[in-house]
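Each chain, letter by letter, is given below.
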Amino acid sequence: MAAVKETIDAVAALEKYAHGFTSDIETEFAPRGLNADIVRFISEKKGEPQWMLEWRLAAYERWLAMEEPTWAAVKYEPVDYQELFYYAAPKQKEGPKSLDEVDPELLAVYEKLGIPLKEQEVLAGVQGAPRVAVDAVFDSVSVVTTFKKELEKAGVIFMPISEALREHPELVRQYLGSVVPVSDNYFAALNSAVFSDGSFVYIPPGVRCPMELSTYFRINASQTGQFERTLIIADKGSYVSYLEGCTAPMRDENQLHAAVVEIVALDDAEVKYSTVQNWYPGDPATGKGGIYNFVTKRADCRGDRSKVSWTQVETGSAVTWKYPSCLLKGEESSGEFYSIAITNGRQQADTGTKMVHLGKNSKSRIIAKAVSAGKSDSTYRGLVSVHPKATGVRNFTQCDSLLIGKECGSHTIPYIEARNGSAHLEHEATTTRLSDDQLFYAQQRGLNEEEAVALLVNGFVRDVMQTLPMEFAVEAQKLVAISLEGSVG
Amino acid sequence: MSALNIRDSSTFPSRRVEAWKYSDLRRWLREAPEVSSAVAVSGDGPWAGLGGDQLAFGNGAAAGADAFVGSGEQVLRLRFVSETSGTGHTAAARISARPGARLLLLESHEGAGSGYVAHNRLEIDVAPGAEVTRLVLVEEPEDAISVTEAEVRLGEGARYAQTIAATGAKLQRLETRIVHPGQGADVRMDGVYALSGARHVDLTSVVDHQGPDGRTSQLAKGVVRDTARGVFQGKIVVQRGADGTDARMGHHALILGERAEIDAKPELIIYADDVQCAHGNTVGNLDESALFYMQQRGLPADEARALLTQAFLFEVIDRIDHEGARERVREWLGDRL
């Protein structure tokens, strides 16, 4: 039971928010605020083609005409969009060719966060240990992408999206905005106008990506929004597992993170997308500061028998607004959503998924576990819809919520829309608190109350943990324990 | 109660209003209809023979009193009769049960004519320790629009049980809002619907648990055929401090037509931790293996299907405590399958 031991150790070495340090790195900013010139500034900084600038400006125009959504069960101070910096980049030499050219201060940040940016370090581990290629995004730009050479050999393209715009413009142009249209929602439109970086992945037909790909997002500069854009294309018969991690410094201001992730899965392709989201959640007592995480993630399973699996562990952010979804267009395509959302302190999370069944015999599975503690609020909001022409659709949904304490809230709001007689949809949800009997039992065996809670909660979320790649699962278990610090007693 | 006023078209909700997402009243009703004239209510309605007093409305107008106070053991037939074409009317009734009363409220919505708009408002007060069983049979023309809103307030230790049986209309919505004090009060809130053609029914409910130790049990089931559309929106709220709440909700529907539709939104909104709350929702079609089994035993396919459908829906009816009334609902529904 190494994992249990890990959890207990994590609790024993409780830290409040381990990644809350700030780094004093010389940063280049765009002028404060947002207007068409800022959009041009970002596009020019990235050396983008004219069509891309036009695309951004059109998105900006749409955004101006849209209203910020208010339907989510979250309350927050309105964002002043003119007070933010939309571009912040650590100053460095033009396009570092290797790690040696990257600012050592910057590398130190990643070392502190435990992100392996040096390929040899990754390899220096135990023989046969899984390797992970990393794209590190610092504020608005990607600072380094590892293992590019080796991936190229397999034909896999893994690079910052700004680079992809230069090197593979035809691919980007074909797919960008094809899953999440610019006017999809307020935050997606904003992202489309001002996104500065993110990762681009293309897996060629029949290729099983030789290693896990990951992007690590770090917000460092203050009063800065992070707007990254990720585009993953899995061509016919390919497979990729992609990991995403996020952290930010502790500040008593609210920072905005409005990302867009688009996934395209063609015939027989499979994409596994895992997120461990650990943005700074704000001060647990006062609720001051923390990240507003307003993210649009969507997968387009357009190929027959394609499959996309979302796994998310949401422990951070002051406010979360996030619904990773699957458009199941292909016949026999399948979508999965596994989620753990843990809120403590004054955090608010409104998260869930949409499974839109358009293809015949498409399948989906949703397992969502929410744990609320402190004065936090957590909402599962999900949609399962079946198109009239989609025969033989199956869905299974399970939402379980656990409440710890008298002042938190937990809500389940599923929408089920069935428009075909052959659909089989099942949804079940439960809300309970930690069992006194189980707590008592664990404490009798010598665990203190916090250890016992961490142990039981890890048991509660186990179904989802098991779907995470191994190195993430260990990290996530520790996070569960840390996130619940101070929730009992 | 909602602000809906059928004489003022600006109060007609569209699907942009979250609570009316699946029942777009504005789509079917753009202008306020002409006001219906009162009609006399004759006969005893579908609850005939079960005794009791009667409170009746003919095209919205009360034939006599519009309120009833129950004490002791009583039966009341509450009849909303619409007999008009193309006009609209609103009926408002108040029912209360004194402490210790046991009231069997037999409600019927009887529609004749066509294309009318009926709006019914009902307030039900159940005093501490009193018991009200509300059974509702709804049968209206396929081009009628009707919205029935019931607001129920319960005292400590009160018992409230409700079963709605509906066959839909162009748009038929039955909305129940219950203020639940906890304190040993007990709510059973059921519904059953059988729709065909292009009929639409919407069973919407909110049970708001405001105090500790309350119980709610909800079961809704329905079948839809042809291009009919069944809507279930159930919300259970457990307020801060309403510990010890035990709330269960289930909605299960069969889609028996290729182009029929089910929309469901079972919500749990929970602010207390010492609770047991659960909901389940399923949508599917008849069990092929059960059908096969019955055909093997010599039942024609149609009969086997009818039998399975009936068994599926009657589970809701079986939860009615009053034997005579239960049999009446069973017959009523059986005739309409």
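Caption draft 1: Representation of the side chain of A:D300. Residue and element names in this part refer to chain A. Along the chain, D300 falls in strand β13 (residues 290–301). Here R302 takes part through its side chain, which lies 2.9 Å from a polar atom of the side chain of D300. Apart from residues lying up to four places away in sequence, D300 is in contact with S178, V179, I263, V264, A265, L327 and K329.

Caption draft 2: Examining the nonpolar core more closely. Membership of the largest hydrophobic core comes to 73 residues, with the highest contact counts inside it found for A:L213, A:I263, A:V308, A:W310 and A:L425. A:W51, A:V79, A:L84 and A:Y87 belong to the second largest nonpolar core, which has 54 residues in total.

Caption draft 3: Up close: the pattern of salt bridges. Going through the model one piece at a time under the given rule, you end up with 46 salt bridges over all chains. In this structure, A:D184 and A:R298 form a salt bridge, with 2.8 Å as the shortest nitrogen-oxygen distance. Taken together, the positions of A:D184 in the loop between α8 (169–175) and α9 (186–194) and A:R298 in strand β13 put the pair 114 residues apart, joining distant regions of the chain. For B:R159, the salt bridge identified is with B:E131, shortest N-O distance 3.8 Å. On the criterion of sequence distance, the pair formed by B:R159 in strand β11 (residues 159–166) and B:E131 in strand β9 (residues 131–139) is long-range, its members being 28 residues apart. Judged by relative accessible area, B:R159 falls into the partly exposed class, the value being 38%. Three or more residues are tied together by salt bridges with common partners; here these are A:R419, B:R229, B:E261 and B:D263.

Caption draft 4: The arrangement of the environment of A:F227 in detail. Residue and element names in this part refer to chain A. In this fold, F227 is placed in the loop between β7 (212–218) and β8 (229–234). Judged by its relative accessible area of 1%, F227 falls in the buried class. The sequence separation of F227 and V194 amounts to 33 residues, and the corresponding C-alpha distance is 6.8 Å. The residues touching F227, leaving out its near neighbours within four places in the chain, are Y86, L190, N191, V194, F195, S196, D197, L256 and A258.

Caption draft 5: Structural detail: the environment of A:A58. The topology assignment puts A:A58 in helix α3 (residues 50–65). Placed 131 residues apart in sequence, A:A58 and A:A189 show a C-alpha to C-alpha distance of 9.2 Å.

Caption draft 6: Summary view of the packing of helix α2 (residues 36–45) of chain A against α3(A). All names here are of chain A. One can describe the packing of α2 onto α3 by two numbers: an axis separation of 10 Å at closest approach and a directional angle of 150°. Classed by the angle they form, the pair α2 and α3 counts as roughly antiparallel. When the axes of α2 and α3 are compared, the crossing they make is right-handed. Across the interface between the two elements, A36, V39, R40, I42 and S43 of α2 pack against L53, R56, L57 and Y60 of α3.

Calculation criteria
Residues numbered from 1 in each chain as written. Chains lettered and ligands numbered in written order. Predicted model: local features only at pLDDT ≥ 70, side-chain atom pairs only at ≥ 80, totals over all residues. Heavy atoms only, no water. Helix = DSSP H or I, 4+ residues; strand = E, 2+ residues; numbered from the N terminus. Polar contact = N/O pair within 3.5 Å; in protein donor to acceptor, adjacent residues only side chain to side chain. Contact = heavy atoms within 4.5 Å. Core = buried A, V, L, I, M, F, W, Y, C linked by side-chain atoms within 4.5 Å. Buried < 20%, exposed > 50% of the residue type's maximum accessible area, 1.4 Å probe, protein only. Salt bridge = Lys/Arg side-chain N within 4 Å of Asp/Glu carboxyl O. Axes fitted to C-alpha atoms, helices over the stretch in contact; angles between N-to-C directions. Parallel < 35°, antiparallel > 145°, perpendicular 65-115°, else oblique. Left-handed = near helix turned anticlockwise from the far one by under 90°.

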